[in-house]
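# Descriptive analysis of the structure
For reference, the chains in residue letters:
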Amino acid sequence: MKKLTEKEEQIMNIIWKYGCISVSEILTFIPGSKPHYNTISTTARILVQKTFLSYKISGRLHIYFALIPKIEYREFLMSNLINKYFNNNPSDMMEYLLKK
């Protein structure tokens, strides 16, 4: 599994929250200044290539859905964090967090 970019993670969080969704629907859930439709569509296609998403075709729309559950991605991130910054020792991380 690969780490997601900030924009990829933003889209994945929307899909994890709302389930099967089109690019137009994704755009409605992005706060603030909206990126262009093509930007979201391209990012979704990249997520398909990275095997985070798949899609089904409904008429002219691609309806995207997650292939990787959020909890699985969270576990991946936490394992990398523990490995990279705490010498693969979860106790060291907990000690650090408790001190903070």
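Residues numbered from 1 in each chain as written. Predicted model: local features only at pLDDT ≥ 70, side-chain atom pairs only at ≥ 80, totals over all residues. Heavy atoms only, no water.

### Notes on the pairing of strand S2 (residues 61-66)
Across six bridges, strand S1 (residues 53-58) lies against S2 in antiparallel orientation. Opposite tyrosine 55, over in S2, you have tyrosine 64 as the bridge partner. Between the end of S1 and the start of S2, which pair antiparallel, lie two residues, with glycine 59 showing a positive phi angle near 65°. (Pairing = 2+ DSSP bridges. Helix = DSSP H or I, 4+ residues; strand = E, 2+ residues; numbered from the N terminus.)

### Some points on the side chain of serine 41
Tracing the backbone through its elements, the reader meets serine 41 in helix H3 (residues 37-49). Engagement of the side chain of serine 41 in a polar contact is seen with the side chain of arginine 45, the distance being 2.9 Å. Once residues within four sequence positions are removed from consideration, serine 41 is found in contact with Val23 and Tyr64. (Polar contact = N/O pair within 3.5 Å; in protein donor to acceptor, adjacent residues only side chain to side chain. Contact = heavy atoms within 4.5 Å.)

### Regarding the nonpolar core
In this structure, Met12, Ile15, Ile26, Ile40, Leu47, Phe52 and Leu53 are the most contacted members of the largest nonpolar core, which totals 20 residues. Elements with a minimum of two residues in this core: helix H1 (6-18), helix H2 (23-29), H3 and helix H4 (70-85). Ranked by the residues each element gives to this core, the list is headed by H1, at five residues. Non-local contacts of methionine 12, meaning those with residues more than four positions away in its chain, are made with Leu4, Leu47, Phe52, Leu53 and Ala66. (Core = buried A, V, L, I, M, F, W, Y, C linked by side-chain atoms within 4.5 Å. Buried < 20%, exposed > 50% of the residue type's maximum accessible area, 1.4 Å probe, protein only.)

### Topic: a nonpolar patch on the surface
The grouping of Met78, Leu81 and Tyr85 at the surface amounts to a nonpolar patch, some 280 Å² of accessible area in total. Relative to the elements of secondary structure, leucine 81 occurs in helix H4. Looking at leucine 81, the relative accessible area reads 32%, which means it is partly exposed. (Patch = residues over 30% accessible without salt bridge, like charges linked within 9 Å, V, L, I, M, F, W, Y side chains within 5 Å. Areas by Shrake-Rupley, 256 points an atom, 1.4 Å probe, with all protein chains shown as cover. Salt bridge = Lys/Arg side-chain N within 4 Å of Asp/Glu carboxyl O.)

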